[in-house]
Amino acid sequence: MAAAMSLSLSLSLKVVCFHAFAISLLASNHFEQSADTYIVHMNPSAMPKPFSGHHAWYSSMVSSISDGRAAATTSTSAKLIYSYSNSINGFTATLSPSELEALKSSPGYLSSTPDQFLKPHTTRSHKFLGLQRGSGAWTAANYGDGVVIGLVDSGIWPESASFKDEGMSKPPSTWKGKCVEDANFTSSNCNNKIIGARYYNKGFLAKYPDETISMNSTRDIEGHGTHTSSTAAGGFVEGVSYFGYANGTAVGMAPRAWIAVYKAFWGGGIAESDALAAIDQAIVDGVDILSLSFHFGNNSLNVNPISIACFTAMEKGIFVAVSAGNDGTAYGTLSNGVPWATTVGAGTMDRDLYGILTLGNGVQIRFPSWYPGNHSPRNRPLVLSECDSTDEILKFRGYIVLTPQLLSSLLMRKPDILAPGTSILAAWPSKTPVSDNFYHFWYSDYNVLSGTSMATPHIAGVVALVKAVHPDWSPAAIRSALMTTADAFDNTQNPIKEAAYNDTATAFDFGAGQVNPNKALNPGLIYNASAEDYVQLICAMGFPKKEIRKITRSSYKCLNPSLDLNYPSFIAYFNGENSAPDELVQVFHRTVTNVGEGRSSYTAKLTPLKGLKVKVEPKKLAFKSKYEKLSYNLTLEGPKYMKEFVVNGHLSWVSDGGKYVVRSPIIATHMDPGHTPDSFGGF
């Protein structure tokens, strides 16, 4: 299911359709049918000394294993698609089955996986999150000035008013990015807002050599990348609307942050090798933040190259925000559950876009609508239809068609944080239709989209504000600031609801809560974690030494393996076997760093959890100075197997005087984490 939900409209009624793009593979000979593209992980220390660099080594290796049939069909340079040295150690190549087997015997070979194709998963949202001109987080962070946000997406439409560079400073001298010229995109399309533009499609073309690239450049003709880029860092644009809906000022979360675009989406899909090449280059270019609004594919940390690339980015101090996916409300549906990235769920705002249907008897009915056309003064017949295709709907041309509402929750399972992701108005390519409306194309410079793809750049932009104020904070420290200051209640001070069934949501749905930018800049305490901490987590997960080296790209040692990451939330499993004791005791160890006032004290406040005993030791933390670190233990005691599926609570460290409330969710469940594909996603 695509991460951004395209809205298709019939007359004045909204019909929500989820669609993915399908691309046909056309093979012209036996070699193309039998060969495939692989991402290969290598041990760089095994490179023979005569080679000047890894690319030359990989090229020689691919050449040496080429069989006669392949040599007659494809050159070595064509077979070696990418070499990577910044995100992972390895390369992408097109290999026949016999070549792949020969490669496995080569010195330095670690593993290989087939190149997968992945899926891509505002006038009001800044106000909804409390961002205002001249005060709060925007003023403190100078609107994100000095921070580079990199987006791996479908490109950018540089002519959009959201990307003007008025008031922007020049890129830093350390910036290594550039604007690559090609079809309808020149270096003049970049400015002091768009400071980098590159594109990657070698993996796509290796898989689909007969496909024609209609826009072989960073220019966006799909819209997804333009929308996410302007959501993260678009400038102020007055008088924006979607055909009169959501009228106001469009602005991104960090309007003075720089944007670097890495186009890897082609026809709605992403070759894993292309996304990997984009991340590899973004690390070299010097981005501060990566915004990734697409599905990573395989959730196993040691198999997924994008997860491994995110580890490298984190290790180099780059904050990685990833979309949680749009796969519904069932447990275990989280996408991109990577411990060292921040997984973002999508929530609603205090704004709905409505149309009005007036019946013949004068009764008026309000309904959700993005219908772009003018209202009709004429009476039209009303028909109820369960049609599920455009062709069926067109049979009722001239009628007002009522269709059953399709519900899908936008609150994903176990994200780290929640951000606005429904009815987000943001920039759009002016020559790409926002709707076909079954009759003709409709065009607008701004479009309304929904999904976790829209929520992720919100977090990327907010992180730019935090990064501008605290440039030395690690990705884990910034994630902690977002999570411990998040709002667990909506703007009416009622519990956040699950969208599909209006049930009270839990931390499984919204993580720590809705992001609060103004509070995130000054959280009081932070839970920090280093690359070494994540290595010990990987060690505790039972990966063999070879796999650990592949993930970390180094020879880290498993000195203190632990699943108890210094992370600002807790989940305890009470699902013991028959041999387990009647009562289970689970202890969590955490260390917090004082980033608030120098001499200060914090007192623990716990909400009760039904059927469990919960305690904190010590109950008070007394800091003598800023940046001092203190530790505590949280203990949960309960039956070996809970009756309830899930019980929720939270621990808050409240400073004397109440200036800071550092909140962490607590979940206890009898769910078996081994039965979900993302047991480390968010918790």
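Residues numbered from 1 in each chain as written. Predicted model: local features only at pLDDT ≥ 70, side-chain atom pairs only at ≥ 80, totals over all residues. Heavy atoms only, no water.

Considerations on the overall build of the protein chain
Helix and strand counts for the protein chain stand at 18 helices and 33 strands. For the protein chain, buried positions account for 57% of its 683 residues. (Helix = DSSP H or I, 4+ residues; strand = E, 2+ residues; numbered from the N terminus. Buried < 20%, exposed > 50% of the residue type's maximum accessible area, 1.4 Å probe, protein only.)

What about the sheet that holds strand E28 (residues 600-606)?
Spatially, the five strands line up as an open sheet ordered E26-E33-E32-E28-E30, and their pairing is mixed. The outermost strands of the open sheet, each flanked by one partner alone, are strand E26 (570-573) and strand E30 (620-623). Neighbour to neighbour, the strand axes of the sheet diverge by 20 degrees on average, direction disregarded. Judged from the four bridges that link them, E28 and E30 form a sheet pairing that is antiparallel. Pairing of Ser601 across the sheet is with Ala622, part of E30. (Pairing = 2+ DSSP bridges. Axes fitted to C-alpha atoms, helices over the stretch in contact; angles between N-to-C directions.)

Some details on helix H13 (residues 452-469)
An α-helical turn contains 3.6 residues, so a residue and the one three or four places further along point in the same direction. Its 18 residues give H13 an end-to-end C-alpha distance of 26 Å, which sits within 8% of 26 Å, the value for a rise of 1.5 Å per residue. Counting buried residues along H13, 16 of its 18 residues qualify, which places the element largely inside the surrounding structure. (Expected span 1.5 Å × (residues − 1).)

Here we look at the side chain of Ser217
Here Ser217 lies in the loop between helix H8 (202-207) and helix H9 (224-233). Side-chain polar atoms of Ser217 contact the backbone oxygen of Ala183, separated by 2.6 Å. Discounting chain neighbours no more than four positions away, the residues touching Ser217 are Asp182, Ala183, Phe185, Tyr199, Lys263 and Trp266. (Polar contact = N/O pair within 3.5 Å; in protein donor to acceptor, adjacent residues only side chain to side chain. Contact = heavy atoms within 4.5 Å.)

Describing the pattern of salt bridges
Counted under the stated rule, the structure contains 13 salt bridges. Note that Lys207 is salt-bridged to Asp36, the shortest N-O span being 3.2 Å. The exposure class assigned to Lys207 is partly exposed, which follows from its relative accessible area of 23%. Classification of Asp36 by relative accessible area gives partly exposed; the value is 21%. Put simply, Lys550 and Glu547 hold a salt bridge, and the shortest N to O gap is 3.0 Å. Linking Lys550 with Glu547, this pair stays in helix H18 (residues 545-552), spanning three residues, or about one helical turn. (Salt bridge = Lys/Arg side-chain N within 4 Å of Asp/Glu carboxyl O.)

Thoughts on the confidence of the model for the protein chain
For the protein chain, the mean per-residue pLDDT works out to 82, and 77% of the residues sit at or above 70. Taken as a whole, residues 1-33 scores under 50 in pLDDT and shows 96 contacts with residues more than four places along the chain or in a different chain. Long-range and interchain partners of residues 69-73, a stretch whose pLDDT sits below 50, account for nine contacts in this model, where long-range means more than four residues apart. (pLDDT = per-residue confidence, 0-100.)

A look at the environment of Phe510
Considering the arrangement of structural elements, one finds Phe510 in helix H15 (residues 507-510). For Phe510, a relative accessible area of 6% gives the class buried. When the C-alpha atoms of Phe510 and Gly345 are compared, they prove to be 6.5 Å apart, with 165 residues separating the residues in sequence.

So, the state of the cysteines
Enumeration according to the criterion identifies two disulfides in this entry. Residue pairing for Cys179: its cysteine sulfur links by disulfide to Cys190, the two sulfurs lying 1.6 Å apart. The disulfide joining Cys179 to Cys190 has a torsion of about -110 degrees about its S-S bond and is therefore left-handed. Taken as a pair, Cys179 in the loop between strand E8 (148-153) and strand E9 (194-199) and Cys190 in the loop between E8 and E9 lie far apart in primary sequence, 11 residues in all. Per residue, the accessibility class of Cys179 equals that of Cys190, and both read buried. Note that Cys539 is cross-linked by a disulfide to Cys558, the S-S spacing being 2.0 Å. On the S-S bond that ties Cys539 to Cys558, the torsion sits near -75 degrees, and the link is left-handed. Of the two residues, Cys539 sits in helix H17 (residues 531-540) while Cys558 sits in the loop between H18 and E26, which places them 19 residues apart along the sequence. Overall, Cys539 belongs to the buried group, its relative accessible area being 11%. (Disulfide = S-S within 2.5 Å.)

Thoughts on the packing of helix H10 (residues 272-285) against helix H11 (residues 305-315)
Helix-helix packing is described using two parameters, namely the angle between the two axes and the distance between the axes. H11 packs onto H10 with a crossing angle of 5 degrees between their chain directions and a minimal axis gap of 10 Å. The orientation of H10 with respect to H11, classified from their angle, is roughly parallel. Where H10 abuts H11, its residues Glu272, Ala275, Leu276, Ile279 and Ile283 lie against Pro305, Ile306, Ala309, Thr312 and Ala313. Tallied by class, residues from the contact of H10 with H11 come to eight nonpolar, one polar and one charged. (Parallel < 35°, antiparallel > 145°, perpendicular 65-115°, else oblique. Nonpolar A, V, L, I, M, F, W, Y, C, P; charged D, E, K, R; others polar.)

Remarks on unusual backbone geometry
Residues Glu617 and Pro618 are joined by a peptide bond in cis, for which omega reads -5 degrees. Along the chain, Pro618 falls in the loop between strand E29 (613-617) and E30. Non-glycine residue Asn184 carries a positive phi angle of around 55 degrees. Mapped onto the secondary structure, Asn184 falls in the loop between E8 and E9. Its identity as a non-glycine residue notwithstanding, Tyr627 has a phi of 75 degrees, on the positive side. For Tyr627, a relative accessible area of 53% gives the class exposed.

Thoughts on the packing of aromatic side chains
The tally for this structure, following the rule as stated, stands at 18 aromatic pairs. Between the aromatic rings of Phe570 and Phe588, the centroid separation amounts to 5.5 Å while the plane-to-plane angle is 70 degrees, which identifies the pairing as edge-to-face. Taken together, the residues Phe570 in strand E26 and Phe588 in strand E27 (residues 583-594) connect sequence positions 18 residues apart. The burial state of Phe570 is the same as that of Phe588; both residues are buried. Its guanidinium or amino end placed over the ring of Trp157, Arg219 lies 4.7 Å from that ring's centre, counting from NZ or CZ. (Phe/Tyr/Trp six-rings, centres within 6.5 Å; stacked < 30°, edge-to-face > 60°. Lys NZ or Arg CZ within 6 Å of the ring centre and 35° of its normal.)

Describing the side chain of Ser453
Tracing the backbone through its elements, the reader meets Ser453 in helix H13. According to the relative accessible area criterion, Ser453 is buried, its value standing at 0%. At 3.0 Å, the side chain of Ser453 forms a polar contact with the side chain of His224.

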